[in-house]
Structures are given as structure tokens and as C-alpha cells.
Amino acid sequence: MPTIPDKRLLEGLSVLVVEDDFLQSEEIRLCVTDAGAIVLGPASTVKAAAAIIDMNGVDVAIVDINLSDGPTFEVAGHLLRLNVPFLFVTSYDCRSMPAEFQHIACLGKPYSDANLVRCV
């Protein structure tokens with residue numbers, strides 16, 4: 001869980017979680033909820049993520065690259081086009097992101113809850 005100074009750092013933000021692994025998405029959900037965020041999702045597919053983004057709008061997103069659809073940057077591209085801030089959480093090497101995503105924050109798995117909250 002986030003440390004005490006981070007406890008309300010995300011107060012009121014709507015955060016989309018794009019992750020297909022149930023346990024990992026649940027850990028992210030608990031972490032950002034504990035920091036005050038409102039969690040949308042989790043979305044485990046590109047189609048589900050796009051529907052949440054288009055229906056609800058989001059303040060920020062936490063995006064895994066490898067979804068049940070397979071490795072994809074489609075959600076990231078959609079967020080980029082809409083100017084929605086996001087960060088990658090991935091087991092892939094963050095240095096190997098395509099050029100268009102090099103400026104996006106990337107948190108390698110495993111990571112601490114406090115680090116996740118600060119990155120969001």
C-alpha cells in the first residue's frame with residue numbers, strides 16, 4: 001500500500017487500469033484506490049479499454065502492453081491521440097518502447113506501490 005504521504009495523492013482522479021492478469025490488476029486497483037483514485041476497469045482487452053475511454057473519459061491510465069489480445073500499443077496510441085496522460089507498467093524492457101512512446105513514463109514489473117502512485 002502507499003506510504004502515508006502518498007495516501008491521498010490521487011484524490012478524485014479517474015484512473016483506467018489496462019491489465020489482463022487478474023491478480024496484478026487487483027493489486028493496482030487496491031493501490032490507486034488507497035491513494036484516493038476512482039478506478040475504471042480493469043480492461044483486459046484493447047476493445048474493453050477503448051470502450052471505457054470513449055464512454056467515461058479518464059484522467060490518467062495505467063497500461064500494460066501484453067494483454068489477452070497479445071502485445072499491443074493500440075491502447076497507448078488511442079490515449080496519446082486523445083491527450084490522456086498514461087504510464088506503462090510492463091515486464092518488457094522499458095528502453096525498447098517504439099519511438100512514439102519514448103517520452104511516456106514506464107514502470108518495470110515488479111514495482112513498489114509507492115512508486116506506482118508517484119508515477120501516476
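Data block above holds the structure.
These remarks concern the structure in this document. Numbers given to residues run from 1 along each chain, matching the order in which its sequence is written. A pLDDT threshold of at least 70 governs which residues receive local features in this predicted model, and a stricter bar of 80 or more applies before side-chain atom pairs are shown or counted, although totals over entire chains, interfaces and linings include all residues. To obtain the side-chain values, all non-hydrogen atoms of the structure were included, while hydrogens and water were left out.

Notes on the packing of aromatic side chains
Note on aromatic pairs: the rings of Phe, Tyr and Trp (six-membered ring only in Trp) are paired at centre separations within 6.5 Å, and the planes decide the class, stacked below 30 degrees, edge-to-face beyond 60, tilted for the rest. Under the counting rule described, the total for this entry stands at 4 aromatic pairs. Summarising the aromatic geometry, the rings of Phe-73 and Phe-88 are spaced 5.9 Å apart at their centres and angled 85 degrees between planes, so their arrangement reads as edge-to-face. Of the two residues, Phe-73 sits in the loop between β5 (70–71) and α3 (74–81) while Phe-88 sits in strand β6 (residues 86–90), which places them 15 residues apart along the sequence. Between the aromatic rings of Phe-73 and Phe-101, the centroid separation amounts to 5.4 Å while the plane-to-plane angle is 15 degrees, which identifies the pairing as stacked. Residue Phe-73 is found in the loop between β5 and α3, and its partner Phe-101 is found in the loop between β6 and β7 (106–108); the two are separated by 28 residues along the sequence. Relative accessibility thresholds used throughout: buried, under 20% of the residue-type maximum; exposed, over 50%; partly exposed, between the two (1.4 Å probe, protein chains only). Take Phe-101: its relative accessible area is 2%, and that puts it in the buried class. Three or more aromatic residues joined by ring pairs form one cluster here, namely Phe-73, Phe-86, Phe-88 and Phe-101. Helix numbers and strand numbers start at the N terminus; a helix is a DSSP run of H or I with at least 4 residues, a strand a run of E with at least 2.

Regarding helix α2 (residues 46–56)
Inspection of α2 places Val-46, Ala-49, Ile-52 and Ile-53 among the buried residues, and these make up the whole buried set. Looking down the long axis of α2, one finds its buried residues gathered within 135 degrees of arc, a one-sided arrangement. Opposite its buried face, α2 presents the exposed residues Lys-47, Asp-54 and Met-55, each directed more than 90 degrees away. Note on contacts: a residue pair qualifies if any of its non-hydrogen atoms lie within 4.5 Å across the two residues. Buried-residue contacts for α2 involve β1 (14–18), β2 (38–43), β4 (66–67) and α3. Count one or two residues on from α2 and you reach Gly-57, which has phi positive near 70 degrees. In this description, the arc belongs to the directions extending from the helix axis to the C-beta atoms.

Focus on α3
Looking only at α3, the buried set comprises Val-75, Ala-76, Gly-77, His-78 and Leu-79. Check the buried side of α3 and you find it contacts β1, α2, β3 (60–63), β4 and β6. Looking at the residues trailing α3, positive phi occurs at Asn-83, about 60 degrees.

Some points on the state of the cysteines
Disulfide: a pair of cysteine sulfur atoms within 2.5 Å of each other. Summed over the entire model, instances satisfying the criterion amount to 1 disulfide. The side chain of Cys-94 participates in a disulfide bridge whose partner is Cys-106; the two sulfur atoms lie 2.0 Å from each other. Across the S-S bond linking Cys-94 and Cys-106, the dihedral sits near -70 degrees, which makes this disulfide left-handed. Note that Cys-94 is positioned in the loop between β6 and β7 and Cys-106 in strand β7, a separation of 12 residues in sequence. The exposure class of Cys-94 is partly exposed, given its relative accessible area of 23%. Accessibility expressed as a relative area gives 24% for Cys-106, which makes it partly exposed. Summary of cysteine pairing: Cys-119 is not part of a disulfide, and the nearest cysteine sulfur, belonging to Cys-106, is at 9.3 Å. You can call Cys-119 partly exposed: its relative accessible area is 33%.

What about the pairing of β6?
Judged by how many residues are buried, β6 sits mostly within the fold: 5 of 5 residues are covered. Here β6 shows two buried faces, one formed by Phe-86, Phe-88 and Thr-90 and the other by Leu-87 and Val-89. Pairs of strands are assigned from DSSP output, requiring at least two bridges between the strands. Where β3 and β6 come together, 3 bridges link them in parallel fashion. Directly across from Val-63, in β6, lies its bridge partner Phe-88. Inspection of the sheet shows β6 paired to β7 by 3 bridges, in the parallel sense. Bridging from a neighbouring strand, Thr-90 pairs with Gly-108 of β7.

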